[in-house]
Amino acid sequence: MDSKDLCRNELRASIRQLRDRCLYSAAKWASEQLVGIEQDPAKFTPSHTIFQRGSSSIRCRFRTNEALSTPSDGVSYVSTPVPEDGNDDVVESDFYLLAKSYFDCKEYRRAAHVLRDQTGQKAAGERRKEEEIIELEGPLGKSNAVNRELSSLESELSTLRRKNSIDPFGLYLYGLVLKQNGNDSYARLMLQESVNRYPWNWNAWLELQSLCSTLDVLNSLNLGNHWMKDFFLAYAYHELRMPQESLEKYEHLRKMFCFSNYIQAQIAKVRYILREFDQVEVIFEELLRSDPHRVEDMDMYSNVLYSKESCAALSFLAHRVSLNDKYRPESCCIIGNYYSLKGQHEKSIVYFRRALMLNRNYLSAWTLMGHEYVEVKNTPAAIDAY
């Protein structure tokens, strides 16, 4: 079995395990990497490149493969249905896993686009109805409530850890709790153990990266030699403002995951730091052609369009994300950028505030809102935002 087939088998198994534990964003990430691996042209029809499957239909008969292998730890799973036979059907099953992951994350239009049928359209309409209900009910926002269960949960997980009866997902949860309680060093240790024992949970890698504020801390980690480590290091280098090192890692990964939209988006973000705006624009345009209902990372594309004063393109992007998912922080930020470019700064502030209601840790929205307050001569509010 070559390295590509090994990666595929690991990702297929991990997607099901992650979804069983409701780690939908991690399952989505794994699904995107699965369809991003180049297929052997001798075995598969050329129509099976990412999101460009021509007239091939995902709607085929499925059977349940009860003997599907899963990563170690001795947990029994009910497997997702897989096609009865045929290499092309295996590829279709991979796209089914991707569509199901988008559906689980309530990205219904993306799911429908992958399936090339109408299965996601009704759900997209239901989502739009929910958005309208939210608009009628009043402003969005998060309370400052504290989770009073964290202390007891930490105690319970600590006991399980001492008894050595905690699995990698429990270690991930333990790391989250420790991080919430401010014990960063021990949280880092638990998350490190979690990804070493079960490397396919991208959420755990992201949490681990958030606790690596310096290169020294990153280098102090004792990580296993798994291909997921390269994804982690590429992302960590980017967050530590080491663009060349990050770009080198992503270019290496692209040799295996040559159709991965995630890697393309990450390369665009690295080139954004390098201020290579023309290349960034080309990459995002290609991403939207292959994944027209994409919202994630499009806020950075809107920043590029804003800096180039491309009002028509930014208007089109704002309209598109508003239709796809109005209440995503990225969507609000894109619409805010559009109104700012039009000189409607008060409206722009409204959307940046909405983005922050949805995610108060959305740093770029704080900065952009500060810029808008400067434009309307509200210096105290600008200082507070910055």
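Just so you know, these numbers come straight off a predicted model, no measurement behind them.

*Asks:* Would you mind showing me how to read helix H16 (residues 311-325) here?
*Replies:* With 15 residues, H16 extends 21 Å between its outermost C-alpha atoms, agreeing within 8% with the 21 Å of an ideal straight helix rising 1.5 Å per residue. What H16 keeps buried is the set Leu314, Leu317, Ala318, Val321, Ser322, Asn324 and Asp325. Projected onto a plane normal to the axis of H16, the buried residues spread over an arc of 165 degrees and lie on a single side. Facing away from the buried side of H16 by more than 90 degrees, the exposed set consists of Ala312, Phe316 and His319.

*Asks:* Would you mind going over the environment of arginine 110 with me for this structure?
*Replies:* Assignment of secondary structure puts arginine 110 in helix H4 (residues 108-115). For arginine 110, a relative accessible area of 2% corresponds to the buried category. As for arginine 110 and aspartate 291, which are separated by 181 residues in sequence, their C-alpha atoms are 7.3 Å apart. Filtering out sequence-adjacent residues up to four positions away, arginine 110 remains in contact with Lys28, Glu32, Tyr102, Asp291, His293, Arg294 and Glu296. Polar side-chain contacts of arginine 110 include one of 2.3 Å to the side chain of aspartate 291.

*Asks:* Would you take a moment to explain helix H9 (residues 202-210) for this structure?
*Replies:* Quick reminder: α-helices carry 3.6 residues per turn. Residues three or four places apart thus point the same way. Among the residues of H9, Trp202, Asn203, Ala204, Trp205, Leu208 and Gln209 are the ones counted as buried. The elements touched by buried residues of H9 are helix H2 (24-35), helix H7 (168-180), helix H8 (184-197), helix H11 (227-239) and helix H13 (261-273).

*Asks:* What is the right way to read the packing of aromatic side chains from this model?
*Replies:* By the definition in use, this model includes 18 aromatic pairs. On the numbers, 5.0 Å between centres and 80 degrees between planes, the contact of tyrosine 198 with tryptophan 200 is edge-to-face. For tyrosine 198, a relative accessible area of 2% gives the class buried. Between tyrosine 272 and phenylalanine 277, the ring centres sit 5.4 Å apart and the planes meet at 45 degrees, which makes this aromatic pair tilted. By relative accessible area, which is 17% here, phenylalanine 277 ends up buried.

*Asks:* Looking at this structure, I do not really get unusual backbone geometry. What am I missing?
*Replies:* Among all residues save glycine, negative phi is the norm, and among peptide bonds the norm is trans. The backbone of arginine 241 sits at a positive phi, close to 60 degrees, despite the residue not being glycine. Topologically, arginine 241 is positioned in the loop between H11 and helix H12 (243-254). Within the chain, aspartate 297 stands out as a residue other than glycine whose phi angle is a positive 75 degrees. If you trace the backbone, aspartate 297 turns up in the loop between helix H14 (277-290) and helix H15 (298-307). You can call aspartate 297 buried: its relative accessible area is 12%.

The rules behind these values
Residues numbered from 1 in each chain as written. Predicted model: local features only at pLDDT ≥ 70, side-chain atom pairs only at ≥ 80, totals over all residues. Heavy atoms only, no water. Helix = DSSP H or I, 4+ residues; strand = E, 2+ residues; numbered from the N terminus. Expected span 1.5 Å × (residues − 1). Buried < 20%, exposed > 50% of the residue type's maximum accessible area, 1.4 Å probe, protein only. Arc of directions from axis to C-beta. Contact = heavy atoms within 4.5 Å. Polar contact = N/O pair within 3.5 Å; in protein donor to acceptor, adjacent residues only side chain to side chain. Phe/Tyr/Trp six-rings, centres within 6.5 Å; stacked < 30°, edge-to-face > 60°.

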